[in-house]
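Secondary and tertiary structure notes
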Amino acid sequence: MPSVIVIGGGLAGLASAAALGQSGFQVDLFEARAFLGGRATSYPVPGDSSEVIDNCQHVLLRCCVNLMDFYSRLGVADRIQFHKQFYFIEPGGRTSVLQAGGLPAPLHFTGSFWDLKFLGPSDKIGIARALWAIRGEHGKRQDLDRITMLDWLREKHQTERAIRRFWNQVLVSAVNEDLGRMAASHGFQVFWLGFLARADAYEMGIPAVPLGDLYGPDGWKRIPNVRFHARATVEHVIADQGTIRGVMAAGERHSADYYVSALPFERLPAVIPELDLDLAGFEHSPITGIHLWFDRSITELPHATLLDRTMQWMFNKAGGRYLQLVVSASRSLVEMPRAEVIALAVRELAEFFPRVKEAKLEKAHVVKEIRATFSARPGLEQARPPSATKFDNLFLAGDWTRSGWPPIMEGAVRSGYLAAEAVTRATGREQKFLLPDIA
Ligand SMILES: Cc1cc2nc3c(=O)[nH]c(=O)nc-3n(C[C@H](O)[C@H](O)[C@H](O)COP(=O)(O)OP(=O)(O)OC[C@H]3O[C@@H](n4cnc5c(N)ncnc54)[C@H](O)[C@@H]3O)c2cc1C
């Protein structure tokens, strides 16, 4: 079987390697860091090796079928725990629960949606109308990549409260961008597949193990023809007349029949300058994760979305004592000193969970991912490259490539599968790896 070099051991590179490896290709994967998983990984807290934390809490929805397929390839799909309830908490602690009832999609939320306490009747009627409009306009309307989600919501006369407490709360964390900067096509994607297409599609999957354990050595024993080269930064590729001849990694040359680049977009120009892609439209959007360890349990809820404050999500990581808070599109926190971020987080948390006021904060850690994802702005879809390149044996993957999805784990895995399919096409023995969306 032909050989393949995969550059980058994030989800896109790992998905490519798994698919090609299981199809019999000899795969060598080069990863710059000591561990796999890229942005979706875990590591010991700097200065405290006793505590392993996720880079940031990563969640998925049941509609992320390719990501689940990738986990199945590694035998770890059962480590994802799906939750059927979404908890919305207002400052003061009033809690509402969104969950599917007995009706079929798209009516499955009807009961719990009307019971949500943080929205009024006019907000809800407006949201129901807008959801209906998404059903009608999805796949038909041509300008969704040219307008922002906020433009679209205003066109649908959404109330300010519905925008702030419902649309904003769901979409900013799903797409990692503000509604006024996010292309409406991404908002449609999330609601169409996650909320309307199937009654269980919204269920939120949370890994029950540290992220890094999902890609541990046991899973790869099932795919022995994938070899890993860790701490092996690919410095550059060797290109010659439309073909890639090799890569230089740690001062040594390595060659294969085919190459998959699963690098982030900002690394590409340095490693493969010959590709000469127009990346001018790509900008980053940050995410901040705040890890807090208290001396006692703060809450029994497994997770919750926090309304009207800077902190957007709370994840209960260990019996209510270790909580992780997540802020997507966190530009307001980028310049803020870490001690202030922690103080803000504790202050806000106390508004939702009164036990925080009596508790002692034992330790805290802030992870500011300035380059968390690309900013999914209007007009960018055309600039996202497909897997094929001008080189006959080089293919692109990465959550920023044209995966059809926003910059999330499902998008990264899809891009990896698409690049792997392109490799098989180039060999003349085409194979399919990509699973279709649920609708
Ligand atoms: C804080 C945060 C929270 C997030 N939350 C979620 C979430 O809840 N749900 C969700 O679905 N998605 C989430 N995402 C997005 C998700 O993590 C990414 O979409 C996905 O992990 C991207 O995978 P990738 O393989 O495309 O890129 P990356 O993970 O960036 O992988 C690229 C790899 O290439 C390696 N590399 C770079 N240069 C070289 C080189 N020269 N040679 C060799 N290797 C190199 C890097 O070390 C890295 O391992 C989050 C992202 C962040 C940062």
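None of the values given here were measured: they were computed from a predicted structure.

What about the packing of aromatic side chains?
On inspection of all chains with the given rule, the structure shows 24 aromatic pairs. Measuring from centroid to centroid gives 5.0 Å for Trp 152 and Phe 188, while their planes differ by 85°, and the two rings are edge-to-face. A residue pair is termed long-range when its members are at least 10 positions apart, and Trp 152 in helix H5 (residues 149-155) and Phe 188 in helix H7 (residues 184-196) qualify at 36 residues. Residue classification places Trp 152 among the buried residues on the basis of a relative accessible area of 0%. Summarising the aromatic geometry, the rings of Phe 191 and Phe 195 are spaced 4.8 Å apart at their centres and angled 40° between planes, so their arrangement reads as tilted.

Some remarks on the nonpolar core
Membership of the largest hydrophobic core comes to 119 residues, with the highest contact counts inside it found for Phe 70, Tyr 71, Trp 152, Trp 167 and Tyr 215. If we skip the residues at most four places from it in the chain, Trp 152 touches Ala 130, Ala 133, Ile 134, Glu 137, Arg 141, Leu 144, Ile 147, Ala 184 and Phe 188. Counting 27 residues, the second largest nonpolar core, distinct from the first, contains Met 311, Val 341, Ala 345 and Leu 349.

A look at the sheet that holds strand S10 (residues 226-229)
The 5 strands are arranged S10-S2-S1-S14-S20 in an open sheet whose pairing can be described as parallel. Looking at which strands have only one partner, the edges of the open sheet turn out to be S10 and strand S20 (394-396). Strand-to-strand twist of the sheet, defined as the mean angle between neighbouring strand axes without regard to direction, takes the value 20°. Bridge count between strand S1 (residues 3-7) and strand S2 (residues 26-30): 5 bridges; the pairing is parallel. Within S2, the position partnered with Ile 7 by the bridge is Phe 30. Helix H1 (residues 11-22) rests against S1, S2, S10 and strand S14 (258-261) of the sheet, and its axis sits at about 165° to S2. Sheet contacts for helix H12 (residues 409-427): S1, S14 and S20; angle to S20, the most-contacted strand, approximately 160°.

A closer look at the environment of Tyr 258
Among the secondary structure elements, Tyr 258 is positioned in strand S14. The exposure class of Tyr 258 is buried, given its relative accessible area of 13%. Along the primary structure Tyr 258 and Ser 42 are separated by 216 residues, whereas in three dimensions their C-alpha atoms are 30 Å apart. When residues no more than four places from it in sequence are discounted, the contact partners of Tyr 258 are Pro 2, Ser 3, Val 4, Ile 5, Asn 393, Phe 395, Val 423, Ala 426 and Thr 427.

Digging into the environment of Asp 399
Here Asp 399 is to be found in the loop between S20 and H12. A residue is classified by how much of its surface remains accessible, and Asp 399, at 7% relative accessible area, is buried. Between the C-alpha atoms of Asp 399 and Glu 51, which are 348 residues apart in sequence, the distance is 29 Å.

Considering the packing of H1 against helix H2 (residues 65-73)
Where H1 meets H2, the axes come as close as 10 Å, and the angle between the chain directions of the two elements is 55°. Judged on the interaxial angle alone, H2 and H1 are oblique. Crossing of H1 against H2: the hand is left-handed. Each of Leu 11, Leu 14, Ala 15, Ala 18, Ala 19 and Gln 22 in H1 lies in contact with H2, whose residues at this interface are Leu 67, Phe 70 and Arg 73.

Describing the packing of helix H4 (residues 121-137) against helix H6 (residues 160-175)
With their axes 9 Å apart at the nearest point, H4 and H6 run at an angle of 60° to one another. Comparing their axes, H6 and H4 come out oblique. The interaxial crossing formed by H4 with H6 has right-handed handedness. Seen from H4, the contacting residues are Asp 123, Ile 127, Ala 130, Leu 131 and Ile 134; seen from H6, they are Arg 161, Ala 162, Phe 166 and Trp 167. Among the residues forming the contact of H4 with H6, the class breakdown is 7 nonpolar, no polar and 2 charged.

Observations concerning H1
Each full turn of the α-helix corresponds to 3.6 residues, which orients residues three or four apart in the same direction. End to end, H1 covers 16 Å across 12 residues, agreeing with the expected 16 Å (1.5 Å per residue, within 8%). With 11 of its 12 residues buried, H1 lies for the most part within the structure.

Examining the pattern of salt bridges
Summed over all chains, the structure comprises 35 salt bridges. Salt-bridge contacts for Glu 51 lead to Lys 363; the nearest nitrogen and oxygen are separated by 2.8 Å. Note that Glu 51 is positioned in strand S4 (residues 48-54) and Lys 363 in strand S19 (residues 361-374), a separation of 312 residues in sequence. In this structure, Glu 177 and Arg 331 form a salt bridge, with 2.8 Å as the shortest nitrogen-oxygen distance. Separated by 154 residues along the polypeptide, Glu 177 in the loop between H6 and H7 and Arg 331 in helix H10 (residues 331-334) bring together distant segments of the chain. By relative accessible area, Glu 177 is classed as buried at 0%.

Let's talk about the pairing of S1
Of all 5 residues in S1, 5 are buried; the element is thus mostly enclosed. Alternating positions in S1 separate into two faces, Ser 3, Ile 5 and Ile 7 on one and Val 4 and Val 6 on the other, with burial throughout. For the handedness criterion, the β-α-β arrangement of S1, H1 and S2 is classed as right-handed. Pairing analysis gives 4 bridges linking S1 to S14, with the strands arranged parallel. Residue pairing in the sheet places Val 4 in a bridge with Tyr 258 of S14.

Some thoughts on the sheet that holds strand S11 (residues 234-240)
Taken together, the 3 strands give an open sheet; going across it, the order is S11-S12-S13, and neighbouring strands pair in antiparallel fashion. For this open sheet the edge positions go to S11 and strand S13 (252-254), each flanked by a neighbour on one side alone. Shown here is a sheet whose adjacent strand axes are inclined to one another by a mean of 30°, direction ignored. Where S11 and strand S12 (residues 243-249) come together, 6 bridges link them in antiparallel fashion. Bridge assignment links Ala 239 to a residue of S12, and that residue is Ile 244.

What counts, and at which threshold
- Residues numbered from 1 in each chain as written.
- Predicted model: local features only at pLDDT ≥ 70, side-chain atom pairs only at ≥ 80, totals over all residues.
- Heavy atoms only, no water.
- Phe/Tyr/Trp six-rings, centres within 6.5 Å; stacked < 30°, edge-to-face > 60°.
- Helix = DSSP H or I, 4+ residues; strand = E, 2+ residues; numbered from the N terminus.
- Buried < 20%, exposed > 50% of the residue type's maximum accessible area, 1.4 Å probe, protein only.
- Core = buried A, V, L, I, M, F, W, Y, C linked by side-chain atoms within 4.5 Å.
- Contact = heavy atoms within 4.5 Å.
- Pairing = 2+ DSSP bridges.
- Axes fitted to C-alpha atoms, helices over the stretch in contact; angles between N-to-C directions.
- Parallel < 35°, antiparallel > 145°, perpendicular 65-115°, else oblique.
- Left-handed = near helix turned anticlockwise from the far one by under 90°.
- Nonpolar A, V, L, I, M, F, W, Y, C, P; charged D, E, K, R; others polar.
- Expected span 1.5 Å × (residues − 1).
- Salt bridge = Lys/Arg side-chain N within 4 Å of Asp/Glu carboxyl O.
- Right-handed = clockwise from strand over helix to strand, strands pointing away.

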